[in-house]
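So the chains spell out like this:
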Amino acid sequence: MQAPNQPLVDYDDHRIAMLQAVAKLLTSNVKLREKIGTIAVSYPDFYKDLAVLIDD
């Protein structure tokens, strides 16, 4: 999988931001504009729970 040359944009949509965070796991070259506030709208513990899944 090849990462895009431009940073990904989430357009302040929490669903897109979460999808991008998961996509980042597939390639370390993806540049994300991480917006915890955007994701916290629907899932405040998203990054904490994602870290648990990664460690398993």
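In this text, all values refer to a predicted model and were calculated from it rather than measured experimentally. (Residues numbered from 1 in each chain as written. Predicted model: local features only at pLDDT ≥ 70, side-chain atom pairs only at ≥ 80, totals over all residues. Heavy atoms only, no water.)

Here's the deal with unusual backbone geometry
Part 1 of the reasoning: Residue Tyr11 is not a glycine yet carries a positive backbone phi of 55°.
Part 2 of the reasoning: Judged by its relative accessible area of 68%, Tyr11 is exposed.
Part 3 of the reasoning: One non-glycine residue, Asp12, adopts positive backbone phi at about 60°.
Part 4 of the reasoning: Along the chain, Asp12 falls in the segment before α1 (14-23).
Part 5 of the reasoning: Judged by its relative accessible area of 52%, Asp12 is exposed. (Buried < 20%, exposed > 50% of the residue type's maximum accessible area, 1.4 Å probe, protein only. Helix = DSSP H or I, 4+ residues; strand = E, 2+ residues; numbered from the N terminus.)

Some points on the packing of α1 against helix α3 (residues 46-55)
Part 1 of the reasoning: The geometry of α1 relative to α3 is characterised by a closest axis approach of 12 Å and an angle of 25° between their N-to-C directions. With respect to α3, the axis of α1 lies roughly parallel. The hand of the α1/α3 crossing is right-handed. For the pair α1 and α3, contact is made by Met18, Ala21 and Val22 and by Phe46, Tyr47 and Leu50, respectively. (Axes fitted to C-alpha atoms, helices over the stretch in contact; angles between N-to-C directions. Parallel < 35°, antiparallel > 145°, perpendicular 65-115°, else oblique. Left-handed = near helix turned anticlockwise from the far one by under 90°. Contact = heavy atoms within 4.5 Å.)

Keep in mind that these numbers describe shape and distance, not what the molecule does.
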